[in-house]
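Chain by chain, the residues run as shown.
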Amino acid sequence: MKNIDRLDRKILRALQKEGRLSNLELADRVSLSPTATAERVKRLTREGYITGYSALLSPEKLGRNLLVFVQVKLDRTTPDVFDAFAAAVKRSDDVMECHMVAGGFDYLVKARVAGMEAYRQFLSEVILPLPGVRETHTYAVMEEIKGTGYIPV
């Protein structure tokens, strides 16, 4: 973060909170001219600080009420199994996140499905057939206490 200054940080914080700000609104919030603000946003994007924009959707309105975390342990940890597992996970629309982790298991999968019946189908049709899967442990979320993609800047 050596290449960004206080104003860049203000821009990043403002866009994280509200990605649909117009350049004029953003310029007003960070106390810069619209031209200077636009140039900074272009630079921050070009340099990879800003990687994209998206809308936050309501899981409940879209029938995806159940959030689950699945620990996955592989039967062997070889590059070909890692590659095959990663490719298969990327094809599933139910999987929101998948992380290779260090510790007692190999991957932590975050998925959103309609309910327990849909989860059972997801487990049997998506997770268990994945290359190299030996064991899984599932944690169904009863209440989401905090959910954010916010990164302190």
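Residues numbered from 1 in each chain as written. Predicted model: local features only at pLDDT ≥ 70, side-chain atom pairs only at ≥ 80, totals over all residues. Heavy atoms only, no water.

Trainee: Would you take a moment to explain the packing of aromatic side chains for this structure?
Mentor: Evaluated as defined, the whole model comprises three aromatic pairs. With centroids separated by 4.1 Å and ring planes inclined at 20°, the aromatic side chains of Phe85 and Tyr107 adopt a geometry described as stacked. Of the two residues, Phe85 sits in helix H4 (residues 79-90) while Tyr107 sits in strand S3 (residues 107-113), which places them 22 residues apart along the sequence. (Phe/Tyr/Trp six-rings, centres within 6.5 Å; stacked < 30°, edge-to-face > 60°. Helix = DSSP H or I, 4+ residues; strand = E, 2+ residues; numbered from the N terminus.)

Trainee: How should I be thinking about the sheet that holds strand S4 (residues 133-140) in this particular structure?
Mentor: By definition, the strands of a sheet pair up through backbone hydrogen bonds, in either a parallel or an antiparallel sense. On the basis of which strands lie adjacent, the open sheet formed by four strands has the order S2-S3-S1-S4 and antiparallel pairing. Each having just a single partner strand, strand S2 (95-100) and S4 make up the two edges of the open sheet. Averaged over neighbouring strand pairs, the angle between their axes works out to 20° when direction is ignored. Looking at chain direction, strand S1 (residues 66-74) and S4 are connected through seven bridges and run antiparallel. The partner of Gln71 across the bridge, within S4, is His137. In the packing of helix H5 (residues 116-127) onto the sheet, the strands contacted are S1, S2, S3 and S4, and the crossing angle to S1 comes to about 25°. (Pairing = 2+ DSSP bridges. Axes fitted to C-alpha atoms, helices over the stretch in contact; angles between N-to-C directions. Contact = heavy atoms within 4.5 Å.)

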